[in-house]
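Report on the structure
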Amino acid sequence: MSGAVAEQQLVDHHCHGVLLRDGDQATLESQLTEGGPFPGGSVFDSGIGFAFRRLCPPVLELPADLPVTEYAARRGELGTDAVNRRFLRAAGLTALCVDTGYEPEPITTPEQLADLSGARAYEVVRLEVIAEEVGASGISAQGFADAVRAKLAERTPHAVAVKSIAAYRTGLDLAGKRPTDAEVAAAAGSFLRAPARLADQTLHRFLIWCADDLGKPIQFHVGYGDSDIDLHRCNPLLLTPLLRNLTVPVMLLHNYPYHREAGYLAQVFPHVYVDAGLATHNLGARAPALLAEALELAPFGKFLYSSDAFGLPELYYLGAALFRSALSSFLRTGLNEDLYAERTVVRLTRMLCADNAKRAYQLGSQM
Ligand SMILES: [Zn+2]
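Remember, it's a predicted structure, so these values are computed and weren't measured experimentally. (Residues numbered from 1 in each chain as written. Predicted model: local features only at pLDDT ≥ 70, side-chain atom pairs only at ≥ 80, totals over all residues. Heavy atoms only, no water.)

Describing helix α15 (residues 287-294)
For clarity, the cut-off: The buried label goes to any residue with under 20% of its type's maximum accessible area, the exposed label to any with over 50%, and the partly exposed label to all in between, with areas taken from a 1.4 Å probe on protein chains only. Secondary structure elements are taken from DSSP: a helix is a run of H or I of four residues or more, a strand is a run of E of two residues or more, and numbering for both begins at the N terminus. Summarising the geometry, the arc corresponds to the directions from the helix axis toward the C-beta atoms. A contact between two residues is defined here by any heavy atoms of the two lying within 4.5 Å.
Among all positions of α15, only A287, L290, L291 and A294 are buried. For α15, the angular spread of buried residues about the axis comes to 95°, placing them on one side. As for α15, its buried residues are in contact with α13 (259-268), α14 (279-282) and α16 (313-336).

Now the structure itself:
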């Protein structure tokens, strides 16, 4: 790996908390991928599984390729806090933008992640959670829009961004126009009959426009995720009408297998940024191919690093390690092909690992 890449600390611009409970073998198997265990085989026999077996045990001072049973036993001996701390420190992070809107079981807060990693942690507020909280408060359909605006104004002053999970609920084929308050009230009438789960295109659009009014960057889940999404509805090209109209920075998260489409959008829309989070570690040894494809059209000043780690601290480390080796491979190829000189390698490394995110989220003044 190039020295510049190994030494450069990362801004992880999309990630989640890690588990507060012990990661036994069953937990490792269920949390490793977006799928989970299946009969007659092991989730560790996969791209991510082999990367895990090779790269993670040494962080706990164990030999690489240790059987998962023995690895889990050593993990238990060390204890959750020590394991979390080792992997988060080993990831080499300078800042985290933490999505606090997904908590299926107790996980660390941004403050705890900052302590574990030694990095600054910033919050990203999930739009649909705000709407669902307002929905549960007994508000009328007529009062819904103003109540959401007030709640967002209250929750976001210290947040660096907001996030939309429309991809998970309706897909990304959203109209480009801002809905009227009358349209929002009509949609809220249906939503308020079952406000636990927002899945309404008018209301997703309303939330996105609220974020635009607040001037906050908007992260969109795009592409690859768990089996709750209809992946064919998560192509980022479906966002084109909205992207033509929004004025704030838009960060397209994950994107795989539509990372080339996302790269195109980053090239043609000045306010669009992309990453390859989650896929970077799930592709294991193919991470260099993924990064090279994602950077075919995306301007190098518009690509961001993220792990999308959730639950297992190993995923913070794997995301970082595989991104670093993919970036080294990308930069080495450019050097070998005489596309640029060594000093450009140093500059691109800083941009892709940290400076693009600092600029896009205006973290510079706070770091
Ligand atoms: Zn995520």
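So that's the structure; there's more coming.
Some remarks on the environment of E293
Its location among the elements puts E293 in helix α15. The class for E293 is partly exposed, based on a relative accessible area of 25%. As a C-alpha pair, E293 and G263 span 30 residues in sequence and 8.5 Å in three-dimensional space. Residues contacting E293, with those up to four places away along its chain left out, are H259 and R260.

A closer look at the nonpolar core
What counts here: Here the nonpolar core consists of buried residues drawn from Ala, Val, Leu, Ile, Met, Phe, Trp, Tyr and Cys, with membership extended through side-chain atoms lying within 4.5 Å.
Grouped together as the largest cluster of nonpolar side chains are 109 residues, with contacts concentrated most on Y71, F144, F220, L252, F303, Y316 and L327. In terms of residue count, α16 provides more of this core than any other element does, twelve residues in total. Residue contacts for F144: discarding those within four places in its chain leaves A131, V134, G135, I139, V184, A188, F191, L192, L203 and F206. One finds Y122, V124, L304 and A360 within the second-largest nonpolar core, a separate group that totals 15 residues.

Overview of the pairing of strand β6 (residues 250-254)
Heads up, the rule is: Strands pair, by our definition, only if DSSP identifies at least two bridges between them. Orient the strands so they point away from the viewer, and a crossover whose first-strand-to-second-strand path over the helix runs clockwise is right-handed.
Counting buried residues in β6 gives five out of five residues, a clear majority hidden from the surface. Taken together, the five bridges between strand β5 (residues 218-222) and β6 define a ladder with parallel strand orientation. Each residue of the ladder has a partner; that of V222, found in β6, is H254. Handedness of the crossover is the feature at issue here: the chain leaves β5, passes through helix α12 (residues 240-245), returns alongside β6, and the resulting connection is right-handed.

What about the pairing of strand β1 (residues 10-15)?
Within β1, six of the six residues are buried, which leaves it mostly tucked inside the rest of the structure. With four bridges connecting them, β1 and strand β2 (residues 93-99) associate as parallel partners. Within β2, the position partnered with L10 by the bridge is L93.

Concerning the sheet that holds strand β4 (residues 159-164)
Definition in use: Here the axes come from fitting lines to C-alpha atoms, over the contacting stretch only for helices, and the angles between their N-to-C directions go from 0 to 180 degrees.
Spatially, seven strands are ordered β1-β2-β3-β4-β5-β6-β7 in an open sheet, and the strand pairing comes out parallel. What marks the edges here is a single partner per strand, and that holds for β1 and β7 (272-274). Neighbour-to-neighbour, the strand axes of the sheet open up by a mean angle of 25°, direction not taken into account. Strand contacts of helix α11 (residues 201-214): β4 and β5, with the helix running at about 150° to β5, the strand carrying the most contacts. Along the sheet, α16 makes contact with β1 and β2, crossing β1 at roughly 130°.

With respect to unusual backbone geometry
Of note, the bond from Y256 into P257 is cis; its omega dihedral lies within 30 degrees of zero at 0°. The residue P257 is located in the loop between β6 and α13 in this model. Look at N255: it is not a glycine, yet its phi comes out positive at around 70°. Exposure remark for N255: the relative accessible area of 0% places this residue in the buried category. Even without being glycine, Q362 reaches a positive phi, approximately 55°.

Remarks on the pattern of salt bridges
Here is the rule we go by: When a carboxyl oxygen of Asp or Glu lies within 4 Å of a side-chain nitrogen of Lys or Arg, that pair is called a salt bridge.
Evaluated as defined, the whole model comprises 19 salt bridges. Linking E77 and R74 is a salt bridge whose minimum nitrogen-to-oxygen distance equals 3.8 Å. Note that E77 and R74 are positioned in helix α4 (residues 68-78) at a spacing of three residues, about one turn of the helix. A salt bridge links R260 to E293, with the shortest nitrogen-to-oxygen separation between them at 3.8 Å. Residue R260 is located in helix α13, and its partner E293 is located in helix α15; the two are separated by 33 residues in the primary sequence.

Focus: the environment of V134
Along the chain, V134 turns up in helix α7 (residues 127-135). In the structure, V134 is positioned 24 residues away from P110 in sequence and 23 Å away in space, judged by C-alpha atoms. In contact with V134, not counting residues within four places along its chain, are I139, F144, A147, V148 and K151.

Looking at the layout of surface pockets
Stated formally: Think of a 1 Å grid over just the protein atoms. A cavity is a set of points where a 1.4 Å probe fits yet cannot get out, a pocket is an open set with protein on both sides within 12 Å along at least five of seven lines, and lining residues have an atom within 4 Å of a point. Grid points are joined across faces, edges and corners, and a volume is the space filled by probe spheres set on the points. Throughout this entry, Asp, Glu, Lys and Arg are counted as charged residues, while Ala, Val, Leu, Ile, Met, Phe, Trp, Tyr, Cys and Pro are counted as nonpolar. The remaining residues, Gly among them, count as polar.
One number sums up the size of the largest pocket: a volume of about 640 Å³. Taken together, 31 residues line the largest pocket, and the ones lying closest to its centre are E34, Y102, Y168, D226 and F310. In terms of residues, the lining of the largest pocket owes the most to one element, α7, which gives three residues. Partitioned by chemical class, the residues of the lining of the largest pocket number nine nonpolar, twelve polar and ten charged. In this model, the second largest pocket occupies a volume close to 190 Å³. Lining the second largest pocket are 14 residues, and of these V160, K216, P217, Y361 and Q362 sit closest to its centre. Residue assignment for the lining of the second largest pocket shows that the elements contributing at least two residues are β4 and α17 (342-360). Broken down by class, the residue content of the lining of the second largest pocket amounts to eight nonpolar, four polar and two charged.

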